[in-house]
Amino acid sequence: MIRRRDNFSLAGRNTFRMDVSCACWIEYDSPEDLMELDLGSLPQPVMHIGAGSNLLFTGDFPGTVLHSNIKYYQVVADAEEEVLLEVGAGVVFDDFCAWASDNELWGAENLSGIPGEVGAAAVQNIGAYGAEVKDILTQVKCFDLERRRIETLAGVQCGYGYRDSAFKHAPMKGRYIVMSVLFRLSKTPAPRLDYGPLKMTFADQAPAHPVQVRQAVLRIRDGKLPDPAVLGSAGSFFKNPVVSTATYERVVDVVRGSGAGEGSVPLPTASGLPGPNAVPHYNVGENQIKIPAAWLIEQCGLKGVRMGEAAVYERQPLVIVNATGTARPEDILALERKIIDSVRQCFGIELSPEVEHI
Ligand SMILES: Cc1cc2nc3c(=O)[nH]c(=O)nc-3n(C[C@H](O)[C@H](O)[C@H](O)COP(=O)(O)OP(=O)(O)OC[C@H]3O[C@@H](n4cnc5c(N)ncnc54)[C@H](O)[C@@H]3O)c2cc1C
């Protein structure tokens, strides 16, 4: 079945709770419904959303928003050591994680609690606590809008990288609609406990059941990230910047207080910080160093800062929240601008948003 609504409010369809609307909203229940749609006859442009948990609507959307209600689980193969499970794109991703863990299948437990739906998970290559969806994804079944036919892509054809995939870039962006995802789940215990707090939780005894890991992950997430049902946000707002060694060294100088960075200013909260080790960083390649954006934002004194109805989340400065529930896109955009400008001024680093602006 296809349901169409004109001038539809998207307030309940994005986790930032932006009170905007679209000219046309279409929700469909099956692959056949999707293939039947004559998208050319609908208000343009056309976009597809899931739960709207990685989106910032910057105003009313003039075109058509599609949403999948394709919801099913189908065991495609049940072997001695693993199960291949096909899941409809409209299934809530965390419901899939719960299903897998409850059925004693390993692979999805570290991804528990990530908002959104299965279709978008394959687009975003979601990840958390040492796991990424690409680790368990073997195939993505899509509808190719250009050729108007179903295509099945192997995981390796999807161009997965850190929170990235070929679906997010031309020529695939906007052309492929994910209809279902095939996951490979393990029947033999395969806990991934590299992430510090998980390692500590299971230091004395390794988990015997994926539900134990799922519960630990949900507990850790609860303490750090806002629940979209309570406080609007789109999760991590910025990407962690990857910089050159020279830029990293400049940050170290700034923290030391030498102010060596071009255009650098004294840091509001960095006083008294010790030497280079105070700058958290990860080597991610030759002359490529990743610095946590949350740390940069906090060093600029912005943790908890409120502007209009938007705020930097007190417990995790990488998250911008709709502080009152009535924030407008302008509030979020103004705070985003302030954060980008401050980090540039303090450290000479340009933050870029992870959240997709529509
Ligand atoms: C509190 C909070 C915590 C979060 N934590 C994490 C985390 O730990 N790790 C992480 O990786 N992310 C995290 N996120 C971000 C977000 O949950 C993911 O990016 C998620 O995959 C978005 O899913 P969605 O269904 O809401 O997609 P949307 O935000 O609606 O869409 C995301 C993208 O997918 C496209 N899309 C959606 N459905 C389809 C489809 N069927 N076919 C083709 N394209 C489609 C959209 O066009 C858009 O480009 C968090 C978000 C919040 C609010």
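These figures come from a predicted structure and were not determined experimentally.

## Digging into the site of the ligand
The environment of the ligand is made up of 29 residues, and the closest members are His-48, Gly-50, Ser-53, Gly-127 and Glu-356. Ser-53 places a polar side-chain atom, nitrogen or oxygen, 2.6 Å from an oxygen atom of the ligand. Contact distances for the ligand include 2.8 Å between an oxygen atom and a backbone N or O atom of Pro-115. A total of 980 Å² of accessible area belongs to the ligand in isolation, and the protein chains cover 92% of it.

## Concerning the environment of Trp-25
With respect to the helices and strands, the residue Trp-25 is situated in strand β2 (residues 21-28). Taking the C-alpha atoms as reference, Trp-25 lies 42 Å from Ala-190; in sequence the two are 165 residues apart. Excluding residues within four positions of it along the chain, Trp-25 makes contact with Arg-3, Arg-4, Arg-5, Phe-8, Leu-10, Arg-13, Ile-49, Val-65 and His-67.

## Here we look at the sheet that holds strand β19 (residues 319-322)
One open sheet accounts for 4 strands, arranged β13-β19-β18-β17; its pairing is antiparallel. The open sheet is flanked by β13 (232-236) and β17 (306-307), the only strands paired with a single partner. Where β17 lies against strand β18 (residues 310-312), 2 bridges are found, and the strand directions are antiparallel. Paired with Arg-306 across the bridge in β18 is Ala-311. Relative to β18, helix α8 (residues 329-347) is tilted by about 35 degrees, and along the sheet it contacts β17, β18 and β19.

## A closer look at the sheet that holds strand β1 (residues 2-9)
Sheet strands line up and pair through hydrogen bonds in the backbone, either parallel or antiparallel. Across the sheet, 4 strands lie side by side as β1-β2-β5-β3; this open sheet has mixed pairing. Both edges of this open sheet fall to β1 and β3 (46-49), since each of them pairs with a single strand only. Across the sheet, the mean angle separating the axes of adjacent strands is 25 degrees when strand polarity is ignored. Across 6 bridges, the pairing between β2 and strand β5 (residues 61-68) is parallel. When the sheet's bridge partners are listed, Glu-27 is paired in β5 with His-67.

## Let's talk about the domain arrangement of the protein chain
Annotation of the protein chain at the domain level lists domain 1 (2-68), domain 2 (73-224) and domain 3 (233-357). On a C-alpha basis, the centroid separation for the pair domain 2 and domain 3 is 29 Å. Tallying the contact residues gives 6 residues for domain 2 and 7 residues for domain 3. Together, the buried faces of domain 2 and domain 3 total about 510 Å²; carbon and sulfur atoms form 30% of this surface. Linking domain 2 with domain 3 are 1 salt bridge. Taken together, the connections running from domain 2 to domain 3 amount to 2 residue pairs in polar contact (both at pLDDT 80 or more).

## Looking at a nonpolar patch on the surface
A grouping of Val-242, Tyr-282 and Val-284 is seen on the molecular surface, where their side chains present a nonpolar patch of about 280 Å² in accessible area. Among the structural elements, Val-242 can be located in strand β14 (residues 242-243).

## Regarding the environment of Tyr-313
Structurally, Tyr-313 can be placed in the loop between β18 and β19. Classification of Tyr-313 as buried rests on a relative accessible area of 9%. Each C-alpha atom, one on Tyr-313 and one on Lys-303, is 6.7 Å from the other, the two residues being 10 residues apart in sequence. Non-local contacts of Tyr-313, meaning those with residues more than four positions away in its chain, are made with Lys-224, Leu-225, Pro-226, Leu-231, Lys-303, Gly-304, Val-319 and Val-321.

## Points about the layout of surface pockets
The computed volume of the second largest pocket comes to approximately 230 Å³. Along its surface, the second largest pocket is lined by 13 residues, and Arg-163, Asp-164, Lys-168, Lys-239 and Glu-354 are the ones closest to its centre. Of the residues belonging to the lining of the second largest pocket, the class tally is 3 nonpolar, 4 polar and 6 charged. Formed jointly, the lining of the second largest pocket draws a minimum of three residues from each of two domains, domain 2 (73-224) and domain 3 (233-357).

Definitions and cut-offs
Along each chain, numbering runs from 1 in the same order as the chain's sequence is written. Given that this is a predicted model, residues contribute local features only at a pLDDT of at least 70 and side-chain atom pairs are listed and counted only at 80 or more, while totals for whole chains, interfaces and linings are drawn from all residues. To obtain the side-chain values, all non-hydrogen atoms of the structure were included, while hydrogens and water were left out. Only heavy atoms are used to decide nearness, and a residue is near a molecule or strand if one of them lies within 4 Å of it. N or O atoms within 3.5 Å of each other form a polar contact, as long as, within protein, one can give a hydrogen and the other can take it, and as long as residues adjacent in sequence are counted only when both atoms are side-chain atoms. Method for areas: the Shrake-Rupley scheme with a 1.4 Å probe, in which residue coverage is limited to the protein chains shown. Helix numbers and strand numbers start at the N terminus; a helix is a DSSP run of H or I with at least 4 residues, a strand a run of E with at least 2. Whether two residues are in contact is decided by their heavy atoms, any of which lying within 4.5 Å being enough. Strands qualify as paired when DSSP identifies two bridges or more between them. Helix axes are fitted only over the stretch in contact, all axes being lines through C-alpha atoms; the angle between N-to-C directions runs from 0 to 180 degrees. Residue ranges labeled as domains rest on an automatic or database domain assignment. In short, buried area is how much 1.4 Å probe accessible area vanishes from two parts on joining, totalled over both. We define a salt bridge as a contact between a side-chain nitrogen of Lys or Arg and a carboxyl oxygen of Asp or Glu at a distance within 4 Å. Distance thresholds for patches are 9 Å for like charges and 5 Å for nonpolar side chains (Val, Leu, Ile, Met, Phe, Trp, Tyr), applied to residues having over 30% relative accessible area and no salt bridge. Throughout, exposure labels follow a simple rule: accessible area from a 1.4 Å probe, protein chains only, divided by the maximum for the residue type, with under 20% read as buried, over 50% as exposed, and the rest as partly exposed. Only protein atoms enter the 1 Å grid used here, on which a cavity is any set of points holding a 1.4 Å probe that cannot leave and a pocket is any open set flanked by protein within 12 Å on both sides along at least five of seven lines; residues with an atom within 4 Å of a point are listed as lining. Grid points are joined across faces, edges and corners, and a volume is the space filled by probe spheres set on the points. Classification used: nonpolar for Ala, Val, Leu, Ile, Met, Phe, Trp, Tyr, Cys and Pro, charged for Asp, Glu, Lys and Arg, polar for all others including Gly.

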